[in-house]
Amino acid sequence: MSSVIIARRSVSSDRASVGILPAIVAALVVGVFVYIRVIPLDSIEARSLEVPLILNAVWEHIQLVLVSTLLTITIGVPLGVALTRKGARRIGGLILVGANAGQAIPSIGVLVLLAILFGVGFWMAVIALLVYALLPVLRNTMVGIQQVDRAVIDAGRGMGMSTRQILSTIELPLSIPVMLAGIRVALILNVGVATLAAFTNAGGLGSIISAGIALNRMPVLLVGSVLTIALALSIDWLAGIAERLLRPRGI
Amino acid sequence: MSDQPGCGPDTMIFLDRVSKRYPDQPHDAVASLSMEIKRGEFVVLVGPSGCGKTTTLRMMNRLVEPSDGRIWIDGKDVTHVDVDHLRRGIGYVIQQIGLLPHLTIAENVSLVPKLLGTNKVKRLRRADELLDMVGLEPSTFAARYPRQLSGGQQQRVGVARALAADPPIMLMDEPFGAVDPIAREKLQMEFLSLQRQIRKTIVLVTHDIDEALLLGDRIAIFGEGSRLAQFDTPLKILTNPADDFVRDFVGAGAAVRRLSLLTVGDVIDRSTPLQDYLQSTVDIHPEESVHRALEQVLAAHAQGIAVTLPGADVRFIALQDLLMAAAQPTVATS
Amino acid sequence: MLLTYLADNALRILFLAQQHAELVLISVGISTVLGIGLALLSESAPRLRQALLSVSGTFLTIPSFALFALMIPILGLGVAPTIVALAIYGIFPILRNTVTGLEGVDAAVIDAAKGVGMGGGRRMLTVVLPLAWPIILNGIRTATIMLVATAAIGAVVRGPGLGELIFRGLARIGGANALNEALSGVIGVVLVALVLDLLFILIAKMTTLRGLHV
Ligand SMILES: Nc1ncnc2c1ncn2[C@@H]1O[C@H](COP(=O)(O)OP(=O)(O)O)[C@@H](O)[C@H]1O
Ligand SMILES: [Mg+2]
């Protein structure tokens, strides 16, 4: 999945979607709240759709995504850098091959296996998200560093930069765009997998959707799904803006 | 530390039987090469592709470690010098230029001074100075990013960057190779006049014999496997090629090329007193090249040139004699 | 433990795996028709094409659980919502690769085809599509692998396939066979992906024009 999302980047970062997306998100959110005010709700629906309950689910979802993405970056970037260092490159290649094959593992599978083996709850879900989102960050960090123009590194060495200076002034800044793309993918994956975290008692918007399914209450299901989509779109939109702002000038 | 053989006080770079074999390669890329390069000399390494020029150059700043032999720079064995420190004292220019795309031109140019701990104000002042030196208006270019410059302009920045810390030595690997021919010629001429002011010790690699003849005080012609076929002045190489390899490499038109290297003053012994040729001559300065002199004679349909020597002695050289300077070696002072 | 479980339930697991593969292949079939169709339709409308790529790409950011659930009010539970949701996800990689493939065909080749008097439709069928096919096929393959994993979530709308095992394992946490069920579901999904991947390598070998083999 992550390799497909990476490919998406090049087409969806055009200007049009930047303006349209917030409008769509706003329409979705406003629509949902108008909808639950307007239609008649039975007592079960009313209880499942209390505003504080919904806001709490949104907040849980955001926490899951933020915590796991931050951890993914904290682990993935340094690890990716380390695996491009002399001596670790061969292992790095192997890890990439393994990790790519690991993409065939369904996210719900990772989540459920971890739940069965180690228990349920917020932190277990965070670990599942982390495991699943690590690949794009790791891979893009490595690819980002490997694609740095050899001539620039050669020039840096030629002018007497130490290995560390080359890393900090050449390799890292020049791999930022590719790294950011990987982080954005991790973010998207995490929003999606966090929806499934409801199944392992970690809350989030998925719990509203699954309540809707379990109680067979379409309004509940609709509110849960639409809000999930709105959250996913806005997080991706923000990530797109951050990506543009953080990219070094001149590249 | 001056126990190295063949190495006097005015020796800047000395290669003593240096060899390099890359891992898993059947042959030496450079085999037992010895060379002495003097302070302030402009030496060009030229030869066919793959003969080890780049490897030789990169051993001088230890981007490539020799497998055997020793390299002395400014009287010090380079293997005993801290490698980063060594490189900061040697300018390095490559064909691909390798400017840091995320840094401005001014920042690129002040990289080495920054590594050496020069403060920011000084660095930026120096950057302006350097951009001026390589013919780029600082107010226009300092704040730009590399991709906003043409290839030729980028290479000027590459040269400025290498000069930033005022290193006594410059190593240049096909620096003008990626530039279009017209811009290349301009860069070559400008670089030559820059070198007249700054007097660095320069080692430049090229595969273009014309560039070598134009730029080098001395030219090292490499054969296969870095065999040093001839290491001599351009004029000697044209007039006395050491062997058939050199003759072939210098190629057709060598005779005419020689004319660019000879000055009219060099061939003054072919002159006769200026008698009744006066109507039919072109006035030429003795420092002018014979090649240019010929062009002017032909353009004016004249019979020869009038040369005013120091002491107001005016001499005449006939067209025929000018031409013959190409064919017959002249004992020229170079 | 796992092995005895697998041995005892081999038939059922194989049945689910077969269902899983069929589900994915049907969905990918629909995505392929849509992806290639949209690419051809937008042949002379670059802005429409860009918009289609943008929209189908944005679908990928939608969490699969939400999309599957959204199908319930429209299509109910079962096979239909699963297939529709999967087909939506599959469009982007195929559309994108078709566009890339079509745009990559050498203009000189198209000129030559015009030169011998081929009309637009015929040119597309006999020249352009065959040349772009390896890239298109690769897009279909990418979509397939992605959908094999995504289809596991189809179980939440009672979709068929191996997801059922994973969710059964989840429902029986603490029970004796929870791990075995979930694990065999996960391994099954990975194996289905592997088999389909090999299938695509085979198809690519058989359907790529001889001259295009490197
Ligand atoms: N890093 C390397 N590893 C292995 N062989 C190399 C390497 N660099 C150069 N060579 C080989 O060494 C020889 C000399 O190369 P080089 O010094 O680049 O020649 P030149 O600059 O004259 O074209 C060539 O045969 C080349 O293939
Ligand atoms: Mg070379």
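Structural notes, computed from the coordinates.

**Some words on the overall build of chain B**
Broken down by element type, chain B carries 14 helices and 14 strands. Counting only C-alpha atoms and orienting by the principal axes, one finds that chain B spans roughly 70 × 50 × 35 Å. Counting the 334 residues in chain B, one finds 51% classified as buried. Long-range contacts, defined here as pairs at least 24 residues apart, represent 65% of the contacts in chain B between residues at least 6 apart. Carbon and sulfur atoms provide 51% of the accessible area of chain B, an area that totals close to 15500 Å². Here chain B contributes 36 positively and 42 negatively charged side chains, and the mean placements of these two sets differ by 7 Å.

**Concerning the site of ligand 1**
Residue and element names in this part refer to chain B. Around ligand 1, the structure places Tyr22, Gln25, Ala29, Ser49, Gly50, Cys51, Gly52, Lys53, Thr54 and Thr55. A distance of 3.4 Å separates a nitrogen atom of ligand 1 from a polar atom in the side chain of Tyr22. For ligand 1, the protein covers 60% of the area, taking 560 Å² as the surface of the free molecule. Residues of the shell around ligand 1, tallied by class, amount to three nonpolar, six polar and one charged.

**A look at the arrangement of the chains**
Out of two pairs of chains that touch, the pair holding the most contacts is chains A and C. Where chain B comes nearest to chain C, the C-alpha atoms are still 27 Å apart, and the two do not contact one another.

**As for helix α7 (residues 151-163) of chain B**
Helical geometry: 3.6 residues make up each α-helical turn, so side chains three or four residues apart lie on a common side. All names here are of chain B. An ideal rise of 1.5 Å per residue puts 18 Å on 13 residues; α7 measures up with 19 Å between its terminal C-alpha atoms. Counting buried positions along α7 gives 11 out of 13 residues, so the element sits mostly inside the fold. What α7 keeps buried is the set Gly152, Gln154, Gln155, Arg156, Val157, Gly158, Val159, Ala160, Arg161, Ala162 and Leu163.

**Overview of the interface of chain B and chain A**
With 22 residues of chain B in contact, the opposing surface of chain A contributes 19 residues. Of the roughly 1800 Å² buried where chain B meets chain A, counting both sides, 61% is carbon and sulfur surface. Its largest share of buried area at the contact with chain A, chain B owes to B:His102, B:Leu115 and B:Tyr145, together 27% of the area lost on that side. Run the count over chain B and chain A and you get one salt bridge. A:Asp154 serves as the salt-bridge partner of B:Arg58, at 2.7 Å between the closest nitrogen and oxygen. For the pair chain B and chain A, the interface holds six residue pairs in polar contact (both at pLDDT 80 or more).

**A word on the sheet that holds strand β9 (residues 218-222) of chain B**
All names here are of chain B. Taken in spatial order, the six strands make up an open sheet running β6-β7-β8-β3-β9-β10, and their pairing is mixed. Both edges of this open sheet fall to β6 (90-94) and β10 (228-232), since each of them pairs with a single strand only. Strand-to-strand twist in this sheet, taken as the mean axis angle between neighbours without regard to direction, amounts to 10°. Strands β3 (42-46), β7 (169-173) and β8 (201-206) of the sheet are contacted by helix α8 (residues 181-198), whose axis makes an angle of about 140° with β3.

Rules behind the numbers
Residues numbered from 1 in each chain as written. Chains lettered and ligands numbered in written order. Predicted model: local features only at pLDDT ≥ 70, side-chain atom pairs only at ≥ 80, totals over all residues. Heavy atoms only, no water. Helix = DSSP H or I, 4+ residues; strand = E, 2+ residues; numbered from the N terminus. Buried < 20%, exposed > 50% of the residue type's maximum accessible area, 1.4 Å probe, protein only. Contact = heavy atoms within 4.5 Å. Areas by Shrake-Rupley, 256 points an atom, 1.4 Å probe, with all protein chains shown as cover. Lys, Arg positive; Asp, Glu negative; His and termini not counted. Charge placed at Lys NZ, Arg CZ, Asp CG, Glu CD. Near = heavy atom within 4 Å. Polar contact = N/O pair within 3.5 Å; in protein donor to acceptor, adjacent residues only side chain to side chain. Nonpolar A, V, L, I, M, F, W, Y, C, P; charged D, E, K, R; others polar. Expected span 1.5 Å × (residues − 1). Buried area = accessible area lost by both parts, 1.4 Å probe. Salt bridge = Lys/Arg side-chain N within 4 Å of Asp/Glu carboxyl O. Pairing = 2+ DSSP bridges. Axes fitted to C-alpha atoms, helices over the stretch in contact; angles between N-to-C directions.

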